[in-house]
There are 2 protein chains.
Amino acid sequence: MSKGQATIKDIAKALRISVSTVSRALHDHPDISEKTKKAVREEARRLDYQPNLIAQGLRQQKSHLIGLIVPEIVHHFFSTTLSGVEDFANSQGYHVMVCQSNESYEREKTNVKALLSSRVDGIIVSVSKETTDFSHFKHIQKRGIPLVFMDRICNEVKAPSVVCQDYEGAYMAAEHFISHGRRRIAHLRGPKSLLISKQRLNGYLDVLSKHRIPKKDEYIVFASDFESGYRETLRLLDLHEKPDAIFAVNDITAAGSLRALQEKGFRVPEDISVIGFGDDPVITKLTVPKLSSIYQPGYEMGKMSAQMLLKNIGVQEPFPHEIRVLKTELKLRETTL
Amino acid sequence: MSKGQATIKDIAKALRISVSTVSRALHDHPDISEKTKKAVREEARRLDYQPNLIAQGLRQQKSHLIGLIVPEIVHHFFSTTLSGVEDFANSQGYHVMVCQSNESYEREKTNVKALLSSRVDGIIVSVSKETTDFSHFKHIQKRGIPLVFMDRICNEVKAPSVVCQDYEGAYMAAEHFISHGRRRIAHLRGPKSLLISKQRLNGYLDVLSKHRIPKKDEYIVFASDFESGYRETLRLLDLHEKPDAIFAVNDITAAGSLRALQEKGFRVPEDISVIGFGDDPVITKLTVPKLSSIYQPGYEMGKMSAQMLLKNIGVQEPFPHEIRVLKTELKLRETTL
DNA sequence: AATTTTTATGCAAACGTTTTCGCGACAAAA
DNA sequence: TTTTGTCGCGAAAACGTTTGCATAAAAATT
């Protein structure tokens, strides 16, 4: 009765038929008579039968599990993508095993190993900052299991990838500054190791050169959290030629920047305009003035990643180097003219 | 070679020994000679053997998987707990399947069913707002698999639970107001269906009655997000007797409240003090003035939940009604005197 | 030398499925 | 009547492990 879960054996025994018949009946196989199917279905619900996904997995070499490796779940962006992955996977009968690398290369490697051991049917990864060697990803592919990169992608490994318009987003931001008469645009850039940081930097640079504005190295400084955003902005304000606009690599950095501007008595956006990146709902709502930002479709990126992954499960050549780029949007609020 | 993963069969074949010997060798069984063990280990790494957790799971009736059901992953608190769960589970050789209920009772039920089907070894759940019927949780227990409630616990089902000092946190907040001369303390309370909201309300109420301050119904209003926090605070400010302190059920509500206060030109904390709940690092950093709040140890709660869960895996009577209460702390910043 | 004990290994069953193959029954066609 | 075909079902193998039991060889004891 309550001794463990019921199996198809129990159903078979109760109905005095074979397990194969039960299995087929539950899968609505045409060989089985309607009468038998009905009986099986009834007995199944009487016993509260739940198929054992482990046994199924073993038999069909398919775990119906996908792995997700992200740097840190607590970042709003990543938990948003996770939400998208989870929703789509669930809708297709899959489940998600989450791992966080904590931005550590070593943990990323052990995560990969663990997921492979769990025989996940596919893996989505957002690469850690620390990672410069990518053999563990190639290893996944050698095993023949589909791999999709999301956001923090990896050009060294040929795999489907999902990103958003980092370059275009940055371009839009800088272009917006220019079109409102700003010429001294500073950029709080992210770590060089991250492709997304480079893309955002490039979008910014290309706008400058398009408008024949010489690049000024003092205007391009590294900052990727609240404190460094604050600190570096203070330094920007000490420059002889102060910037009249600041484009930050992410929202929390922009928030730090705003704090500095406010403390030093600059008016935003009149004296200096600010645009962030990510459109974090909490941050953009809480800053005063409200932060303008580039919206990044995190949920859709997760969903799309899961979709591309599942599409490649069970196919012969599962690694098309297809890159899907999702749209970003400039959300104007109060830190821009 | 690269055709699928290597199995113990492959190792056995290569070494011309039996699979049982290989299995035992890999588990360092004392019956096996050192020489054989060494050979097996070498061949295993040569073939890059990874144990098939699915097969293992089937054989030992143990998936080394735990399920986690939370209302919404994107909430900072929940992603923090997830992080704790993941870290601890990983350290013990377990993995985590995440499900979100999206605050829906129906999805919670299907989540439970899916996790049971996946034969997870245990389940941690933070109950959805909508849930009033708890039979799906009892069902988990009938199946004999350990269940732990976390934060959003459920008194109707006897199971180990992990919470934080919601009552005490609220008590500290209100007590702090009182000790600084405030008497007209308002409370932006959460939904009645949630025990944590009730606890926070009770802490607040008990402080009032301890100090013989009559409870005023106009001071206790429902609000649990930015907009309602903002709106309800505006209404509080329309009262004949305006409050001189506001305790909010969570940080984002407190932030909404602050926004209203600021717009109406009230000085915080001089005219009105504010304390939130949760100590969200982003929110408390961004509000001006910086929000005082009750720190809630999300990471530790997740870790502790995982720990209690694993402790109860494989024991005869896995449902002691043990409630672990983790400490909250009053973090004073700039919205309090 | 004969017996017992120890050591190291193999056989086979089991976990819960799915699926290939085959078979008997019965109906339709020859 | 024989052949062919369809229908409904069962037997058994397989997926990759673990483990109780048996056993052969070697070592220790009598």
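Now for a look at the structure at hand. (Residues numbered from 1 in each chain as written. Chains lettered and ligands numbered in written order. Predicted model: local features only at pLDDT ≥ 70, side-chain atom pairs only at ≥ 80, totals over all residues. Heavy atoms only, no water.)

**Structural notes on the protein's contact with DNA strand C**
Taken together, 28 residues surround DNA strand C, and among them A:S23, A:R59, B:T21, B:R24 and B:T36 come closest. The share of sugar and phosphate among atoms of DNA strand C within 4 Å of the protein is 59%. Note that a phosphate oxygen of DNA strand C is positioned 3.0 Å from one of the side-chain N or O atoms of A:Y49. Interatomic distance of 3.2 Å between a side-chain N/O atom of B:R59 and a base nitrogen of DNA strand C. Among the secondary structure elements, those contributing two or more residues to the surface near DNA strand C are helix 1 (8-15), helix 2 (19-26) and helix 4 (53-60) of chain A together with helix 2 (19-26) and helix 4 (53-60) of chain B. Looking at the surface near DNA strand C element by element, the count peaks at four residues for helix 4 of chain A. Its residues assigned to classes, the surface near DNA strand C comprises seven nonpolar, 14 polar and seven charged. (Near = heavy atom within 4 Å. Polar contact = N/O pair within 3.5 Å; in protein donor to acceptor, adjacent residues only side chain to side chain. Helix = DSSP H or I, 4+ residues; strand = E, 2+ residues; numbered from the N terminus. Nonpolar A, V, L, I, M, F, W, Y, C, P; charged D, E, K, R; others polar.)

**Observations concerning the sheet that holds strand 12 (residues 329-331) of chain A**
Residue and element names in this part refer to chain A. A sheet is described by the order of its strands in space; here six strands give the open sequence 7-6-8-9-10-12, paired in mixed fashion. Whereas interior strands pair on both sides, the edge strands pair on one side only; in this sheet they are strand 7 (220-222) and strand 12. Averaged over all neighbouring strand pairs, the angle between strand axes comes to 20°, with direction disregarded. Relative to strand 9 (residues 273-278), strand 8 (residues 245-248) runs parallel, the two sharing three bridges. By the bridge assignment, F247 is partnered in strand 9 with I275. Running over the sheet, helix 9 (residues 195-210) touches strand 6 (185-189), strand 7, strand 8 and strand 9 and is turned about 165° from strand 6. (Pairing = 2+ DSSP bridges. Axes fitted to C-alpha atoms, helices over the stretch in contact; angles between N-to-C directions. Contact = heavy atoms within 4.5 Å.)

**Some words on the pattern of salt bridges**
Applying the stated criterion across every chain yields a total of 45 salt bridges over all chains. Where B:E86 meets A:R107, a salt bridge forms, and the shortest distance between an N and an O atom there is 3.7 Å. Taken together, the residues span two chains, with B:E86 in helix 5 (residues 76-91) and A:R107 in helix 6 (residues 105-117). According to the relative accessible area criterion, A:R107 is partly exposed, its value standing at 24%. Ionic pairing is found between A:R267 and A:D271, a salt bridge with its closest N-O pair at 2.9 Å. (Salt bridge = Lys/Arg side-chain N within 4 Å of Asp/Glu carboxyl O. Buried < 20%, exposed > 50% of the residue type's maximum accessible area, 1.4 Å probe, protein only.)

**What to know about the packing of helix 10 (residues 226-237) of chain A against helix 11 (residues 251-263) of chain A**
Any two packed helices are characterised by the angle at which their axes cross and by the distance between the axes. Residues and elements named next belong to chain A. Interhelical geometry of helix 10 versus helix 11 gives an angle of 45° and a closest axis separation of 7 Å. Taken together, the axis directions place helix 10 and helix 11 in an arrangement best described as oblique. Between helix 10 and helix 11 lies a crossing whose hand is right-handed. In this structure, helix 10 contributes F226, G229, Y230, T233, L234 and L237 to the contact, and helix 11 contributes I252, T253, A255, G256, S257, R259, A260, L261 and E263. (Parallel < 35°, antiparallel > 145°, perpendicular 65-115°, else oblique. Left-handed = near helix turned anticlockwise from the far one by under 90°.)

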